[in-house]
Protein chains: 2
Amino acid sequence: MLIEGGGVTSAKGFSAAGVHAGFRKNPERFDFALVVADEPCACAGAFTQNVFCAAPVVVSREHLEGVSYGIARAAAVNSGIANAATGERGMEAAREMARIVGDAVGCPAQEVMVASTGVIGQHLPLGPFETGVPLALEKLSREGGHDAACAIMTTDTHPKEAAVSFTVDDPVYAGCTFTVGGMAKGSGMIMPNMATMISIITTDAPIQANVLHDALLRAANVSFNKVTVDGDTSTNDTCLLFASGVAAPGAAPFAEGSPAFAAFEEALQAVCMNLARQMAADGEGATRLVTVNVTGAANDADADAAARTVANSPLVKTAITGHDANWGRIAGAIGRSGARFNQEDVSIDIMGLPVCRDGMTVPFSEEEALKRFEDPEIVLDIDLGAGDAKTTVWTCDFSHEYITINGDYRT
Amino acid sequence: MLIEGGGVTSAKGFSAAGVHAGFRKNPERFDFALVVADEPCACAGAFTQNVFCAAPVVVSREHLEGVSYGIARAAAVNSGIANAATGERGMEAAREMARIVGDAVGCPAQEVMVASTGVIGQHLPLGPFETGVPLALEKLSREGGHDAACAIMTTDTHPKEAAVSFTVDDPVYAGCTFTVGGMAKGSGMIMPNMATMISIITTDAPIQANVLHDALLRAANVSFNKVTVDGDTSTNDTCLLFASGVAAPGAAPFAEGSPAFAAFEEALQAVCMNLARQMAADGEGATRLVTVNVTGAANDADADAAARTVANSPLVKTAITGHDANWGRIAGAIGRSGARFNQEDVSIDIMGLPVCRDGMTVPFSEEEALKRFEDPEIVLDIDLGAGDAKTTVWTCDFSHEYITINGDYRT
């Protein structure tokens, strides 16, 4: 069940805060988020596949895989500076960030996950942590999720939060209500590959670290990894999932394959998909959320290639901005996607309006099409007629605002 | 040697014309081009790899590969309507287009190459050919190349023409001056794969059809196939090359591997690269031609992937529009390109200004960078430090004008 106004602190056992630490010039803007678990808990992470991966990604991965063995206590995120392409000095800054937060929270640096988002190629100053971390610790609360979600924003126009509660039909967990909640940011340089920009998700369900990771990857693959704003995979993509187990104190962890675990995965995927859709809808300069459904593909890879190529096509995206049912651009995109099909087997609908059948144009009312473009979510349905595989990818349109935002972002 | 003002009729043995036939509403705008060889001559073609390939592409390919065995007499191109995604009716229209032109010129329909460019999914009317073809035949002349180049334009802001002359140091061809000349169009939906949008090239060098094809593919691979405006491969890409042999009447054809053939290929590649650069510079909404040089790649495929990913990155392209030396976006793009390298081995220069060394930011004068962005051609030099392979890809920046053009192109 979706929790109205829920977020990263909806699950029991977690506190959060968002503060202005000084990474940004504007003192009214939060730029440092802290999420802390009451006790060390299971943690899983999924990270960018970009070769130019940022220092905090390397450090968090080291902590999670090499040192803390899937146990963590806190996540710290700064916005404004990505600490990417900063060499050994950047690595030292990321390690120092973890040390300062660990000291303040009272845990080893290895139990702190760090993430950064912002401009690439600038060095991360440590001064803001000296003032920001104590301030965040002071503000840390069960209600701090919203401030934390605000603090990780870059060109996002609003914070992204979601939470879902669920129960498990098993006497072991009788009377327990579990929650999965999270926050995310992401607006430009968005085509995650393995994880999203930055997302932190928490749950109070009892899940062991070794199975938490697989659940996170499965959820990311049907949510964050299906979002693309501009085809640009970031250097800093980080998705973290913490499981405190606080909702069922003393109970056995959910076993993989059990109905309890299935209920958890369903809730996790619902939260991730909700955040992913929010991310696509708030893509830089977006005026519309665009959902691309591909069916009838020969296999999953073909479905993904076709949907992603349509979702990344500047010609398709600008047509949507222009409220133009120019389906020829969709045809052009699937045709160059590498997916195998015969053009005479293709059907395309725009907002439920059939515009292409058997690979050919069909007459439709331009007036009706224009009306349907008023909807905040534009749905494109493409059937390749080549098999049974299908997928959904989310994106946004491509407006003047995207050019404005990215033509003078850094200057 | 570059011929000032040269084009598709610079080579001896060819005439051309451009007229208003009626595919477009504006009577002042040419929309039909005809290029005719004095005699049937060797012809090669390279065509789109898009599954949704247009009817004229299918018909021209059939003529060239199946019926005329590399001999052709004329090329006919209409602009305004692409005759793509039009099914059997579209195929009939393309065949009829070839028949009408063949009847007028006095050759079998199989010796006519046809091409169309414009909106996808609309049926091609035959009426305009009935008036347009006789009109074009009447205007056909050695000076008609420029009109033809104007007639194939869509959102191009100016016609694209180039011609190069060369001599051969071989007594067999003493006193002969050979010419390669051509025209091209291409502005949006540009990321050719095997051929460009529409380009017709002629030469008066004596080349046999069987070796002409390979020479065209080699030339396309270092020119048109290295251009990308928006990553969208068109449904209609067509590149044709005619060789009349008129410059050396009675002489033996250039043998593959001979100095004469090498001189021809050099001239052909110079014309193709010249047209390709014009195409990139005139990309929809372009304010700058962008040249992406990648060196130090592990192999050719990696070099191409890195250069193409940078060239297609909306974030890189909008940064150039904003005159912003935001090299982090270039790093992000190569990092997700699939090319193998270590980030600490990477160097990046923007307009000759070192901005990244050993994968890290280096101090540079923002003022100097801004000054260099005034240049009409922006050069990005990227060294991956992973090997000896290199490539060059051409693109343009991404401006408000692109959104304006493509947000209301059809309506």
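Residues numbered from 1 in each chain as written. Chains lettered and ligands numbered in written order. Predicted model: local features only at pLDDT ≥ 70, side-chain atom pairs only at ≥ 80, totals over all residues.

Trainee: Can you help me understand the overall build of chain A in this one?
Mentor: Secondary structure summary: chain A contains eleven helices and 14 strands in total. Here the C-alpha atoms of chain A give a radius of gyration of 22 Å, agreeing with the 22 Å that 2.2 N^0.38 yields for 411 residues. Overall, chain A is about 65 × 60 × 35 Å in size when its C-alpha atoms are taken along their principal axes. Counting across all 411 residues of chain A, residues that qualify as buried make up 63%. In chain A, the share of contacts with a sequence separation of at least 24, taken over all contacts with a separation of at least 6, comes to 81%. (Helix = DSSP H or I, 4+ residues; strand = E, 2+ residues; numbered from the N terminus. Rg over C-alpha atoms; globule rule 2.2 N^0.38 Å. Buried ≥ 20, exposed ≤ 12 C-beta atoms within 10 Å, placed from the backbone. Contact = placed C-beta atoms within 7 Å.)

Trainee: Explain the packing of helix α7 (residues 300-312) of chain B against helix α9 (residues 327-336) of chain B to me, please; I cannot follow it from the model alone.
Mentor: Helix-helix packing is described using two parameters, namely the angle between the two axes and the distance between the axes. All names here are of chain B. Contact geometry for α7 and α9: axes closest at 8 Å, N-to-C directions at 135°. Comparing their axes, α9 and α7 come out oblique. α9 is crossed by α7, and the crossing has right-handed handedness. Facing A306, T309 and V310 of α7, the residues of α9 in contact are I330, A333, I334 and R336. Of the residues that constitute the contact of α7 with α9, the class distribution is five nonpolar, one polar and one charged. (Axes fitted to C-alpha atoms, helices over the stretch in contact; angles between N-to-C directions. Parallel < 35°, antiparallel > 145°, perpendicular 65-115°, else oblique. Left-handed = near helix turned anticlockwise from the far one by under 90°. Nonpolar A, V, L, I, M, F, W, Y, C, P; charged D, E, K, R; others polar.)

Trainee: Help me understand the relation of the copies chain B and chain A, please; the structure alone is not making it clear to me.
Mentor: In this arrangement, two copies of a chain are superimposed by a rotation about an axis accompanied by a shift along the axis. Between chain B and chain A, which share one sequence, the superposing operator has a rotation angle of 180° and an axial displacement of 0.0 Å; the RMSD is 0.1 Å. What we have between these two chains is a two-fold relation. It is H400 of chain B whose C-alpha, among those of chain B, lies nearest the rotation axis, at 2.8 Å. A share of 100% of the interface residues of chain B reappears at the interface of chain A, consistent with the copies meeting face to face through the same patch. (Least-squares fit on C-alpha atoms with pLDDT ≥ 70 in both.)

Trainee: Explain the confidence of the model for chain A to me, please; I cannot follow it from the model alone.
Mentor: Residue and element names in this part refer to chain A. Considering every residue of chain A, the mean pLDDT works out to 89; 94% of them sit at 70 or more. The element-level mean pLDDT for chain A is lowest in helix α11 (residues 400-407), coming to 78, with strand β1 (residues 14-19) highest at 97. Scored below 50 in pLDDT, residues 192-196 makes 31 contacts in the model with residues more than four places away or belonging to other chains. The ipTM assigned to the predicted complex is 0.74, against a pTM of 0.79. (pLDDT = per-residue confidence, 0-100.)

Trainee: Can you walk me through the environment of T295 of chain A in this structure?
Mentor: Residue and element names in this part refer to chain A. Mapping T295 onto the fold places it in strand β9 (residues 289-297). The spatial distance from the C-alpha of T295 to the C-alpha of T392 is 8.8 Å, given a sequence separation of 97 residues. Setting aside its immediate chain neighbours within four residues, T295 contacts D383 and K390.

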